[in-house]
Amino acid sequence: MKLEVKNVCFAYDSLPIIKDLSISISQGEFVSLIGPSGSGKSTLFYLIGGLMKPAQGDIAWKGQSIVGQRGNFAYMPQQPSLFPWRTVTENISLPGELQHRKIAAEQVQIYLKKAGLTDAGNRYPHELSGGMQQRVAFLRTLASGQDWLLLDEPFGALDALTRTHMQKWLHTLLKQEQRTILFITHSIEEALLLSDRIYVLTDRPMQVYKEITVPFSQTSRFSLRGSKKWETLRKQLEDWLLPDTAFMN
Ligand code: ADP
Ligand code: MG
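Residues numbered from 1 in each chain as written. Chains lettered and ligands numbered in written order. Predicted model: local features only at pLDDT ≥ 70, side-chain atom pairs only at ≥ 80, totals over all residues. Heavy atoms only, no water.

Where an unreviewed UniProt entry is consulted, the protein chain appears under the name ABC transporter ATP-binding protein, with the organism given as Thermoactinomyces mirandus.

Trainee: When you look at the coordination of the magnesium ion (ligand 2) in this model, what are you seeing that I'm missing?
Mentor: Geometry sets the ideal angles at a metal, namely 109.5 degrees for four tetrahedral donors and 90 or 180 degrees for six octahedral donors. At 2.1 to 2.4 Å from the magnesium ion (ligand 2) lie its protein donor atoms, namely S42 (OG) and Q78 (OE1). Taken together, the residues S42 in helix α1 (residues 41-48) and Q78 in the loop between β6 (74-76) and α2 (88-98) connect sequence positions 36 residues apart. Taking the relative accessible area as the measure of exposure, Q78 reaches 32% and is therefore partly exposed. (Donors = N, O, S within 2.8 Å, 3.2 Å for Na, K, Ca; no water. Helix = DSSP H or I, 4+ residues; strand = E, 2+ residues; numbered from the N terminus. Buried < 20%, exposed > 50% of the residue type's maximum accessible area, 1.4 Å probe, protein only.)

Trainee: What should I look at first to understand the sheet that holds strand β9 (residues 197-201) in this one?
Mentor: Backbone-to-backbone hydrogen bonds join strands into a sheet, with any given pair of strands oriented parallel or antiparallel. Ordered by their spatial adjacency, six strands build an open sheet running β6-β7-β8-β3-β9-β10, and the pairing between neighbours is mixed. The outermost strands of the open sheet, each flanked by one partner alone, are β6 and β10 (208-213). On average, each strand axis in the sheet is tilted by 15 degrees relative to the strand beside it, whichever way the strands run. Summarising the sheet, strand β7 (residues 148-152) and strand β8 (residues 180-185) pair through five bridges and their orientation is parallel. Following the sheet pairing, W148 is matched in β8 by T180. (Pairing = 2+ DSSP bridges. Axes fitted to C-alpha atoms, helices over the stretch in contact; angles between N-to-C directions.)

Trainee: So what exactly am I meant to see when it comes to the nonpolar core here?
Mentor: Inside soluble globular proteins, nonpolar side chains tend to come together where they are buried. With 48 residues, the main nonpolar core has F138, L139, L170, L192 and I198 as its most contacted residues. When residues of this core are assigned to their parent elements, the largest contribution, six residues, is made by helix α4 (residues 130-142). Apart from residues lying up to four places away in sequence, L139 is in contact with I92, Y111, L112, A115, L117 and W169. (Core = buried A, V, L, I, M, F, W, Y, C linked by side-chain atoms within 4.5 Å. Contact = heavy atoms within 4.5 Å.)

Trainee: When you look at the environment of L242 in this model, what are you seeing that I'm missing?
Mentor: Take L242: it is sitting in the segment after α8 (228-241). The exposure class of L242 is partly exposed, given its relative accessible area of 44%. Counting along the chain gives 207 residues from L242 to G35, while the straight-line C-alpha distance between them is 9.6 Å.

Trainee: In this structure, what is going on with the pattern of salt bridges? I would like to understand it.
Mentor: Where charged atoms from two side chains of opposite charge approach closely, those side chains can pair. Applying the stated criterion across every chain yields a total of 10 salt bridges. In the salt-bridge network here, residues are joined through shared partners; they are E29, R197 and E211. (Salt bridge = Lys/Arg side-chain N within 4 Å of Asp/Glu carboxyl O.)

Trainee: Explain the environment of P80 here, please?
Mentor: By the secondary structure assignment, P80 is in the loop between β6 and α2. For P80, a relative accessible area of 26% corresponds to the partly exposed category. For P80 and A157, which are 77 residues apart along the polypeptide, the C-alpha to C-alpha distance reads 9.3 Å. When neighbours within four sequence positions are excluded, P80 is seen to be in contact with Q133, Q134 and A137.

Trainee: Looking at this model, I keep getting lost on the environment of A55. Mind explaining?
Mentor: Tracing the sequence through the fold places A55 in the loop between α1 and β4 (56-61). Expressed as a C-alpha distance, the spacing of A55 and I18, which sit 37 residues apart in the sequence, is 9.6 Å. Every residue in contact with A55, bar those within four places of it in the chain, is listed here: C9 and F10.

Trainee: I would appreciate a short explanation of the sheet that holds strand β2 (residues 15-26) in the present structure.
Mentor: Across the sheet, four strands lie side by side as β2-β1-β4-β5; this open sheet has antiparallel pairing. Of all the strands in the sheet, the pair left with one neighbour each is β2 and β5 (64-65). The pairing of β4 with β5 spans two bridges and is antiparallel. What sits directly across from A60, in β5, is S65. Across the face of the sheet, α1 comes into contact with β1 (2-12), β2 and β4 while running at roughly 120 degrees to β1.

Trainee: Looking at this model, I keep getting lost on the packing of aromatic side chains. Mind explaining?
Mentor: Both the distance between ring centres and the angle between the ring planes are used here to describe each pair of aromatic rings. Counting across every chain of the model gives 10 aromatic pairs. Seen from their ring centres, F30 and F183 are 5.1 Å apart, and the 45 degrees between their planes marks the pair as tilted. You can see F30 sitting in strand β3 (residues 30-34) and its partner F183 sitting in strand β8, a full 153 residues away along the chain. As far as burial versus exposure is concerned, F30 and F183 are alike and both buried. With a centroid separation of 5.2 Å and 55 degrees between ring planes, the pair formed by F83 and W85 is classed as tilted. Judged by its relative accessible area of 31%, F83 falls in the partly exposed class. The exposed category is assigned to W85, whose relative accessible area is 60%. Here the aromatic cluster, defined as three or more aromatic residues joined through ring pairs, consists of F30, F138, F155, W169 and F183. Over the face of the ring belonging to W61 we find K62, whose NZ or CZ atom lies 4.1 Å from the ring centre. If you follow K210 out to its NZ or CZ, it ends over the ring of Y209, 5.4 Å from the centre. (Phe/Tyr/Trp six-rings, centres within 6.5 Å; stacked < 30°, edge-to-face > 60°. Lys NZ or Arg CZ within 6 Å of the ring centre and 35° of its normal.)

Encoded structure:
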């Protein structure tokens, strides 16, 4: 089972954003998209999520075109969009409510515990730090019950320590729960730690520049960070992303 973006082109009015872009992701994979800010990554998620339609090309899931179709994927937007009048628990339960499927209070409690938010269930978003809000938005995405997730820079607003903690947490969680994840990040380290494959994207109009399979096993990634092999690959990705810096050496 696959999600396939095939030769997609997209423009906002006359501004070309995505040009002949093709990517694919198979069930169970963790694939990262890494590219310059403003290149069109979030826009690609709007197309995959059916919020907008490509001008050309096709998006297929499980062998069928899903252009313009919503509701196939759990989606976490770049901005944590929590409902201010709902408590943390009520925010996390929302996807279930929308699908007329009640998420058990115990299940929410388990998720909160996993994200280090055990005591935050009855608090309102404005009572939380930005990092905590982002974790709640993340839990809400997980609680949607969808196996395929589109995560748009989910850890972007977190401080470095919390970010590392969340990366480890997600890594551990994925060993327990089978999910398929398409993940936007601007962090090379994060992409290397979490992904099976990485697409390096160009600036606008966005295309695939390079694609790599991460040569580290699921179990060894965190311990390999900083090793020679790791650094070589990190540097390679950095050069692909920031070609201009080659002139500065
Ligand atoms: P990224 O997620 O890679 O940072 P975006 O997909 O958010 O990039 O945006 C790509 C480009 O499209 C940016 O230049 C942005 O200003 C522009 N853009 C985003 N949304 C709209 C819109 N609704 N109308 C016109 N231009 C937009
Ligand atoms: Mg974006």
